[in-house]
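The primary structure of each chain is shown beneath.
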Amino acid sequence: MSEHRTRAHVFVSGRVQGVYYRANTRDTASEHGVHGWVRNLDDGRVEAVFEGSADAVEATVEWCHEGSPAANVESVDVEYEEPAGEEGFRIRR
């Protein structure tokens, strides 16, 4: 795995609220050793930030295209940024 730390800022559209998308994102990020956060937006999208090794972050971003079993993901927009030192992974309200 690559040790280069990267940060992905992700916006997920579709049926992604009320389907355990945030909880599944947290679990997936934790499995990959990725730090950051996830939250629902008022417009129905889910926003997330992933920080970690490039390989782990990319695997988590790829997971977002499928999401939780009950989700229906329509699009995933990703912006790569400089890491900000996120530690742990949390669901933001």
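Computed from a predicted model, the values in this text were never measured in an experiment.

Asks: What exactly am I supposed to notice about the overall build of the protein here?
Replies: A tally of helices and strands in the protein yields two helices and five strands. Listing the helices and strands of the protein from first to last along the sequence gives β-α-β-β-α-β-β. Against the compact-globule benchmark of 12 Å for 93 residues, the protein has a radius of gyration of 12 Å, which places it among compact chains. A principal-axis box enclosing the C-alpha atoms of the protein has dimensions of 35 × 20 × 20 Å.

Asks: Help me understand the UniProt feature "domain: Acylphosphatase-like" (unreviewed entry) in the protein, please; the structure alone is not making it clear to me.
Replies: Look at the UniProt record and you will see "domain: Acylphosphatase-like" (unreviewed entry) annotated at residues 7-93. Annotation note: span residues 7-93, helix share 26%, strand share 41%, distance between end C-alpha atoms 21 Å.

Asks: How should I be thinking about the side chain of Glu 86 in this particular structure?
Replies: With respect to the helices and strands, the residue Glu 86 is situated in the loop between strand S4 (72-81) and strand S5 (89-91). A polar contact of 3.5 Å, which involves the side chain of Glu 86, links it to the side chain of Arg 7. Those residues within four positions of Glu 86 in sequence are excluded, and the remaining contacts are Arg 5, Arg 7, His 35, Gly 36, Trp 37, Val 49 and Glu 51.

Procedures and definitions
Residues numbered from 1 in each chain as written. Predicted model: local features only at pLDDT ≥ 70, side-chain atom pairs only at ≥ 80, totals over all residues. Heavy atoms only, no water. Helix = DSSP H or I, 4+ residues; strand = E, 2+ residues; numbered from the N terminus. Rg over C-alpha atoms; globule rule 2.2 N^0.38 Å. UniProt positions renumbered as here; feature names shortened; annotations may be inferred. Polar contact = N/O pair within 3.5 Å; in protein donor to acceptor, adjacent residues only side chain to side chain. Contact = heavy atoms within 4.5 Å.

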